[in-house]
Amino acid sequence: MEVEIIDRKKQIVDAATKSFSLFGYKATTMDQVAKLANVGKGTIYTFFSNKEELFDEIAFSLMNEMKCRAEEAISPNVTFSENVHNALFSMLEYRKEHKLTIKLYQEAREMGTPAVSDALHKLEQMVVEFLSERISRAIESKAIKPCDPEMTAFVMLKLYVALIFDWERERGELDKDEIANLFKLYLIEGLSF
């Protein structure tokens, strides 16, 4: 019986993820989700009180998946710079390839949907917190100079977003090694002689 409940909830979450990925948050309805999940609309409400709650669960799962990808990219055998690069690259590649995040960023940019903007803000905060923790540890172990961990994490994230998304849109794609070299040049070594 409990397995059936878990399966039904997963079925609903999977259907909602598909709907949000195809139509965006604003255009997704509970009727669409019910139809895609092959359940009655009332069944959805046994698990989620509204579309916002369902969306929040999906956004939370997305954040956890990105965080897991970043954790997997970290190795104790490489430098701080390499680990940050690998973690950021992994998270942003996931964001770039995942249909739901692509649709959400498009919807936020084009329509400014508050629930979507809020979810994306939480996603960015999760990345900044993840990096801040690693930066704090690197400062403690004297792997990097003392700095404001949160601000440094924010700058690192924004540089990566600019190199992976903005530069590509304007001038063409950079490969992983080019991004790593630019990251190292601008943030780790600096431009001064």
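Right above here is the structure, for reference.
Report on the accompanying structure. Along each chain, residues carry numbers from 1 onward, in the same order as the chain's sequence is written. With pLDDT at 70 or above as the cut-off, local features in this predicted model cover only qualifying residues; side-chain atom pairs require 80 or more to be listed or tallied, and sums for whole chains, interfaces and linings still use all residues. With hydrogens and water excluded, all non-hydrogen atoms of the structure serve as input to the side-chain values.

### Looking at the side chain of Glu-107
Rule in force here: Strands are runs of DSSP state E lasting at least 2 residues, helices are runs of H or I lasting at least 4, and numbering of each runs from the N terminus. Each residue's exposure class comes from its accessible area (1.4 Å probe, protein chains only) as a fraction of the maximum for that residue type: buried when under 20%, exposed when over 50%, partly exposed otherwise. Residues scored as positive are Lys and Arg, those scored as negative are Asp and Glu, and His as well as the terminal groups of each chain are ignored. Each salt bridge in this description consists of a side-chain nitrogen of Lys or Arg and a carboxyl oxygen of Asp or Glu lying within 4 Å of one another. Whenever two N or O atoms come within 3.5 Å, that pair is a polar contact, provided that in protein one can donate a hydrogen and the other can accept it, and provided that, for residues adjacent in sequence, both atoms are side-chain atoms. By the convention used here, residues are in contact when the closest approach between their heavy atoms is within 4.5 Å.
You can see Glu-107 is positioned in helix H6 (residues 99–111). One buried charge, Glu-107, has no salt-bridge partner; the nearest side chain with opposite charge is Lys-26, at 6.3 Å. At 3.0 Å, the side chain of Glu-107 and the backbone nitrogen of Lys-26 are in polar contact. Beyond its immediate stretch of four places on either side in the chain, Glu-107 contacts Gly-24, Tyr-25, Lys-26, Gly-112, Thr-113 and Val-116.

### Some words on the nonpolar core
As a rule of thumb, nonpolar side chains are buried together in soluble globular proteins. To keep things clear, this is the line we draw: Put simply, buried Ala, Val, Leu, Ile, Met, Phe, Trp, Tyr and Cys residues joined by side-chain atoms within 4.5 Å make one nonpolar core.
With 54 residues, the main nonpolar core has Ile-12, Ile-44, Leu-54, Leu-88, Leu-131, Met-156 and Tyr-160 as its most contacted residues. Sorting the residues of this core by element identifies helix H1 (2–27), helix H2 (30–37), helix H4 (51–73), helix H5 (80–97), H6, helix H7 (114–140), helix H8 (149–171) and helix H9 (176–189) as the ones contributing at least two each. Not counting residues up to four positions away in its chain, the partners in contact with Met-156 are Phe-80, Val-84, Leu-88, Leu-131, Ile-135, Phe-183 and Leu-187.

### Quick notes on the packing of aromatic side chains
Where we set the bar: Aromatic rings from Phe, Tyr and Trp, with only the six-membered ring used for Trp, were paired whenever their centres fell within 6.5 Å, and each pair was classed as stacked if the ring planes differed by under 30 degrees, edge-to-face if by over 60, and tilted otherwise.
Overall, the coordinates contain 4 aromatic pairs when judged by the stated rule. Seen from their ring centres, Phe-20 and Tyr-25 are 5.8 Å apart, and the 15° between their planes marks the pair as stacked. Residue Phe-20 shares its accessibility class with Tyr-25, and that shared class is buried. Where Phe-20 meets Phe-55, the ring centres are 5.2 Å apart and the plane angle is 75°; that geometry is what we call edge-to-face. Here Phe-20, found in helix H1, pairs with Phe-55, found in helix H4; they are 35 residues apart in sequence, far enough to count as distant. When its relative accessible area of 1% is taken as the criterion, Phe-55 is described as buried. Three or more aromatic residues joined by ring pairs make a cluster, and in this case those are Phe-20, Tyr-25 and Phe-55.

### Considerations on the side chain of Lys-51
Mapped onto the secondary structure, Lys-51 falls in helix H4. At 2.8 Å, the side chain of Lys-51 forms a polar contact with the backbone oxygen of Tyr-25. Polar side-chain contacts of Lys-51 include one of 2.8 Å to the backbone oxygen of Thr-28. When residues no more than four places from it in sequence are discounted, the contact partners of Lys-51 are Phe-20, Tyr-25, Lys-26, Thr-28 and Met-30.

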